[in-house]
Amino acid sequence: MSSPAPVPQHYPSPRELDDLELLATGALSPHDGFGAPGSPLTLDLPEALRDAPVVELVDPEGLPLARVHREDDGRRRVEPLARPEYGPFRRLYLSPAQVREQHAGRTVVPVTGPLTRRDLDALAGLGPTVLLALVGHGTAELSPVATLRATLRAAAALPDAVVVAVPLAAHGDADADHGLGVRVVEAYAGGDPVHALAETDGAEDEHDDGDDYPDDVAEVVDADRPAPDEVGLVLFFTGLSGSGKSTLARALVDRLLEQGRRTVTSLDGDVVRRQLSAGLTFSKADRETNIRRIGWVAAEIARHGGVAVCSPIAPFDETRQQVRAMVDDAGGRFFLIHVATPLEECERRDRKGLYAKARRGEIPEFTGISSPYEEPDDADVRVDTTGRTIDDALGDVVDALAAGGWVDVRVRANG
Ligand SMILES: Nc1ncnc2c1ncn2[C@@H]1O[C@H](COP(=O)(O)OS(=O)(=O)O)[C@@H](OP(=O)(O)O)[C@H]1O
Ligand SMILES: Nc1ncnc2c1ncn2[C@@H]1O[C@H](COP(=O)(O)OP(=O)(O)O)[C@@H](O)[C@H]1O
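Residues numbered from 1 in each chain as written. Chains lettered and ligands numbered in written order. Predicted model: local features only at pLDDT ≥ 70, side-chain atom pairs only at ≥ 80, totals over all residues. Heavy atoms only, no water.

### Thoughts on the overall build of the protein chain
Right, on to step 1. From N to C terminus, the protein chain includes 13 helices and 13 strands.
Right, on to step 2. Overall, the C-alpha framework of the protein chain stretches about 75 × 70 × 30 Å when taken along its three principal axes.
Right, on to step 3. Counting every position in the protein chain, which comprises 415 residues, the buried fraction comes to 47%.
Right, on to step 4. For the protein chain, contacts bridging at least 24 residues in sequence account for 70% of all contacts bridging at least 6.
Right, on to step 5. Within the protein chain, the 70 negative side-chain charges are centred at a point lying 8 Å from the centre of the 44 positive side-chain charges. (Helix = DSSP H or I, 4+ residues; strand = E, 2+ residues; numbered from the N terminus. Buried < 20%, exposed > 50% of the residue type's maximum accessible area, 1.4 Å probe, protein only. Contact = heavy atoms within 4.5 Å. Lys, Arg positive; Asp, Glu negative; His and termini not counted. Charge placed at Lys NZ, Arg CZ, Asp CG, Glu CD.)

### Regarding the sheet that holds strand β11 (residues 307–311)
Right, on to step 1. Taken together, five strands build an open sheet; the order of strands is β10-β11-β9-β12-β13 and the sheet is parallel. Only two strands of the sheet have a single neighbouring strand rather than two, namely β10 (264–268) and β13 (381–383). Averaged over all adjacent pairs, the angle separating strand axes in this sheet is 15°, with direction ignored.
Right, on to step 2. Bridging between strand β9 (residues 233–238) and strand β12 (residues 333–339) involves six bridges; their strand directions are parallel. Looking at the pairing, F236 lines up with L336 of β12.
Right, on to step 3. Along the sheet, helix α10 (residues 317–329) makes contact with β9 and β12, crossing β12 at roughly 155°. (Pairing = 2+ DSSP bridges. Axes fitted to C-alpha atoms, helices over the stretch in contact; angles between N-to-C directions.)

### Here's the deal with the side chain of D19
Right, on to step 1. Structurally, the position occupied by D19 is in helix α1 (residues 14–24).
Right, on to step 2. Overall, the relative accessible area of 0% leaves D19 in the buried class.
Right, on to step 3. A polar atom in the side chain of D19 sits 2.6 Å from the side chain of R15.
Right, on to step 4. Sequence-distant contacts of D19, that is, excluding residues within four places in its chain, are made with F34, L41, T42, A169 and H171. (Polar contact = N/O pair within 3.5 Å; in protein donor to acceptor, adjacent residues only side chain to side chain.)

### Overview of the nonpolar core
In globular proteins that are soluble, nonpolar side chains generally tend to be buried together.
Right, on to step 1. Core analysis: the biggest nonpolar cluster contains 33 residues, and F34, L132, V166, V184 and Y188 have the highest contact counts within it.
Right, on to step 2. Those elements that provide at least two residues to this core are α1, β3 (54–58), β4 (64–70), β7 (129–134), β8 (161–166) and α5 (174–189).
Right, on to step 3. Among the elements that line this core, the one with the most residues is α5, at five residues.
Right, on to step 4. Among the domains, domain 1 (9–80) and domain 2 (90–224) are the pair contributing at least three residues each to this core. (Core = buried A, V, L, I, M, F, W, Y, C linked by side-chain atoms within 4.5 Å. Domains from an automatic or database assignment.)

### A look at the packing of aromatic side chains
Right, on to step 1. In this structure the tally under the stated criterion is three aromatic pairs.
Right, on to step 2. With a centroid separation of 5.5 Å and an interplanar angle of 45°, the aromatic rings of F236 and F334 are classed as tilted. Taken together, the residues F236 in strand β9 and F334 in strand β12 connect sequence positions 98 residues apart. Exposure class is identical for F236 and F334. Each is buried.
Right, on to step 3. Over the aromatic face of F282 sits the side chain of R273, whose NZ or CZ is 3.8 Å from the ring centroid.
Right, on to step 4. In this structure, K284 is placed above the aromatic ring of F316, and the distance from its NZ or CZ to the ring centre is 4.8 Å. (Phe/Tyr/Trp six-rings, centres within 6.5 Å; stacked < 30°, edge-to-face > 60°. Lys NZ or Arg CZ within 6 Å of the ring centre and 35° of its normal.)

### Notes on the site of ligand 1
Right, on to step 1. Within the structure, ligand 1 sits among 22 residues, and S241, R273, R287, N290 and E365 are positioned closest to it.
Right, on to step 2. A distance of 3.1 Å separates an oxygen atom of ligand 1 from a polar atom in the side chain of K352.
Right, on to step 3. Here a nitrogen atom of ligand 1 and a backbone polar atom of T367 are 3.4 Å apart.
Right, on to step 4. Protein burial of ligand 1: of its 620 Å² of free accessible surface, 92% is covered by the chains.
Right, on to step 5. Taken together, the elements giving at least two residues each to the shell around ligand 1 come down to α7 (245–259), α8 (269–274) and α9 (284–303). (Near = heavy atom within 4 Å. Areas by Shrake-Rupley, 256 points an atom, 1.4 Å probe, with all protein chains shown as cover.)

### A short note on the packing of helix α4 (residues 144–156) against helix α6 (residues 215–224)
Right, on to step 1. Interaxial distance between α4 and α6 falls to 8 Å at its minimum, and their mutual angle equals 170°. In this view, α4 runs roughly antiparallel relative to α6, as classed from their interaxial angle. From α4, A146, R149, A150, R153 and A154 reach across to α6, where they touch D216, V217, E219, V220 and D224. (Parallel < 35°, antiparallel > 145°, perpendicular 65-115°, else oblique.)

Quick look at the structure:
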């Protein structure tokens, strides 16, 4: 007897995990699935799973959270299996039903940023409140964890406030997200009153600056917004083989090390291929895996305030965008340098003799010859090294970094 085929699994993105939780807790009831007409809640399944009738959604550690069932109209109905168990302040993530049960009768106040003294004055007269912190992916002004920390501190300053966290993510469509937010807040409020703070009305608030936060809220805000020279950086060179990525990246790393103000890690294409990505080929899938690995490591370096200098070919736009998103999510800044030396010049240099081999058909899928290179249109700086000295070409990169307020290594340290 053959056993039934296992249900395929999928790891949703952070935004999709937030959406899943809203659907699973009934915060969008009667909607119970992804892909409803007009809804921004979508699930981007990989090609191989698009036709699967059932897919299991798992958290980053592999815990099954839900199954999604493909309906005839293309929707993906959510069958919840488990609530997420981990994460900072998990205990504050309640469902609308739990809020009704535990906190009925309170005024519900949606919160997307740190509360000011003025906000607290306004709230003090409202009686018992639920501060509903909307901390989904891309919604809150601070990181979700800092928003919750700041909201807890604000709650402690009020006569009777409790904090509830809601994973309401942003989907890049202001109107749709506003509509979603209104529905979710109504679901949490039940019939209880909702009080919108001045900012949530979209009103200009001239007092809403750092000075106006109560001291212990300001402490949280400051800690979550590192000074510009402490923000993690990913300086990502992309370009054809022989364009000058490694040469320029090495020179930039030396400048940073000579200056000594930042910790620096080099993730050179060739070096990564011998270590982190040993065994991978140059197929499209393996190149994507290689770049995502580099992106993952670089994002972790940025998360801890370091500088990662990466110099792989990274020929595919979509994968570069994924790296950018990983770095953004880690609170770092992603700076893209397109080393745009044309193929003819790279081939003329042919320092490693690879182009000659590729032309003879001895290396399959060689970038620029038999494998594509997608030129970026989102580069922060573009450098063609043809006929220029290394110092001169590096000057363009260094100037762009300084002009954008990223890091200033224009002057060489004097030893
Ligand atoms: N088929 C094929 N295509 C392109 N490059 C090849 C290939 N085979 C080997 N090499 C050598 O590998 C280096 C590129 O590796 P990367 O990891 O940077 O490539 S990728 O980003 O994964 O596409 C590249 O190094 P650089 O010259 O430093 O770019 C080449 O030396
Ligand atoms: N202005 C320049 N900037 C960078 N490299 C240059 C420049 N002019 C000539 N080159 C030479 O081009 C080659 C680039 O090789 P490399 O830095 O390994 O490229 P990649 O890492 O993109 O494969 C080196 O031999 C380097 O000396």
